[in-house]
Amino acid sequence: MSEELVVHFEKLLTRVDGLLSAVVTDRDGVVLLRANAPNSAPPFTESALGCTFALASDQASKLGLKKNRSIVSVYGAYQLVQFNHSSLITTFVANSSANTGLLLELGSELESVTQVIATALHERHSGAL
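Residues numbered from 1 in each chain as written. Predicted model: local features only at pLDDT ≥ 70, side-chain atom pairs only at ≥ 80, totals over all residues. Heavy atoms only, no water.

The name given to the protein chain in an unreviewed UniProt entry is Ragulator complex protein LAMTOR3, and the organism recorded there is Entomortierella parvispora. According to the UniProt record, the Sequence similarities (unreviewed entry) comment for the protein chain reads "Belongs to the LAMTOR3 family." (UniProt positions renumbered as here; feature names shortened; annotations may be inferred.)

**Looking at the environment of E3**
Residue position: E3 is located in helix α1 (residues 2-12). The spatial distance from the C-alpha of E3 to the C-alpha of L33 is 9.7 Å, given a sequence separation of 30 residues. (Helix = DSSP H or I, 4+ residues; strand = E, 2+ residues; numbered from the N terminus.)

**Some thoughts on the side chain of T91**
Residue position: T91 is located in strand β5 (residues 88-95). Look at T91 and you get buried, because its relative accessible area is 4%. If we skip the residues at most four places from it in the chain, T91 touches S21, A22, V23, L80, V81 and Q82. (Buried < 20%, exposed > 50% of the residue type's maximum accessible area, 1.4 Å probe, protein only. Contact = heavy atoms within 4.5 Å.)

**A few points about α1**
Looking only at α1, the buried set comprises L5, F9 and L12. An end-on view of α1 places all buried positions within 50 degrees of arc, on one side of the element. Opposite the buried face of α1, by more than 90 degrees, sit the exposed residues E3, E4 and K11. (Arc of directions from axis to C-beta.)

**So, the pattern of salt bridges**
Taken as a whole and judged by the stated rule, the model has one salt bridge. The closest approach of N and O atoms between E109 and R15, which form a salt bridge, is 3.0 Å. Residue E109 is found in helix α3 (residues 100-109), and its partner R15 is found in the loop between α1 and β1 (19-26); the two are separated by 94 residues along the sequence. Looking at E109, the relative accessible area reads 37%, which means it is partly exposed. (Salt bridge = Lys/Arg side-chain N within 4 Å of Asp/Glu carboxyl O.)

**Examining the sheet that holds β1**
Read from one edge of the open sheet, five strands run β2-β1-β5-β4-β3, paired in antiparallel fashion. Only two strands of the sheet have a single neighbouring strand rather than two, namely β2 (31-36) and β3 (70-74). The mean angle between the axes of side-by-side strands here comes to 10 degrees, regardless of whether they run parallel or antiparallel. Alignment of β3 against strand β4 (residues 78-85), held across five bridges, turns out to be antiparallel. Looking at the pairing, I71 lines up with Q82 of β4. (Pairing = 2+ DSSP bridges. Axes fitted to C-alpha atoms, helices over the stretch in contact; angles between N-to-C directions.)

**Remarks on the packing of aromatic side chains**
Under the definition given, this model contains one aromatic pair. Measuring from ring centre to ring centre gives 5.7 Å for F83 and F92, while their planes differ by 70 degrees; the resulting arrangement is edge-to-face. One exposure class covers both F83 and F92, and it is buried. (Phe/Tyr/Trp six-rings, centres within 6.5 Å; stacked < 30°, edge-to-face > 60°.)

**Details of a nonpolar patch on the surface**
Taken together, the side chains of V30, L32 and L121 make up a nonpolar region of the molecular surface, amounting to roughly 220 Å² of accessible area. Mapped onto the fold, L121 is located in helix α4 (residues 111-128). (Patch = residues over 30% accessible without salt bridge, like charges linked within 9 Å, V, L, I, M, F, W, Y side chains within 5 Å. Areas by Shrake-Rupley, 256 points an atom, 1.4 Å probe, with all protein chains shown as cover.)

**Considerations on the nonpolar core**
Note on soluble globular proteins: their nonpolar side chains tend to be buried together. Core analysis: the largest hydrophobic core is formed by 23 residues, its most contacted members being F9, L13, L19, F92, L103, L106 and L110. Secondary-structure elements contributing two or more residues to this core are α1, β1, β2, β4, β5, α3 and α4. Not counting the four nearest positions on each side in its chain, F92 is found in contact with L19, S21, A22, Q79, L80, V81, F83, L103, L106, G107 and L110. (Core = buried A, V, L, I, M, F, W, Y, C linked by side-chain atoms within 4.5 Å.)

Structure follows, in structure tokens:
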């Protein structure tokens, strides 16, 4: 199943021009799945991104606007689009010129996929106890 997920994520990288990497982590920053575009080495694939996002998202949720679902960060040459998918975090690293709206839409589409991963992890963890 994990091989199928990696292939699925690699195909997603071709849907948006400038998308360099897709990473799924847990809230502690443990990388569960990573797909990089061919011939690219995104500088922002550190596992700390996931747990940093989790903290920022939790703080943003305290603004009284309900639960934060995503954060977009734009830097000189890159942008990060991160999603809070319950117990998992999906991070897209793209060129700063990539279409942010398409990245946000793609992240919403992936919510069902990350739910499958979260359920499998929960079942595996429960079975280990």
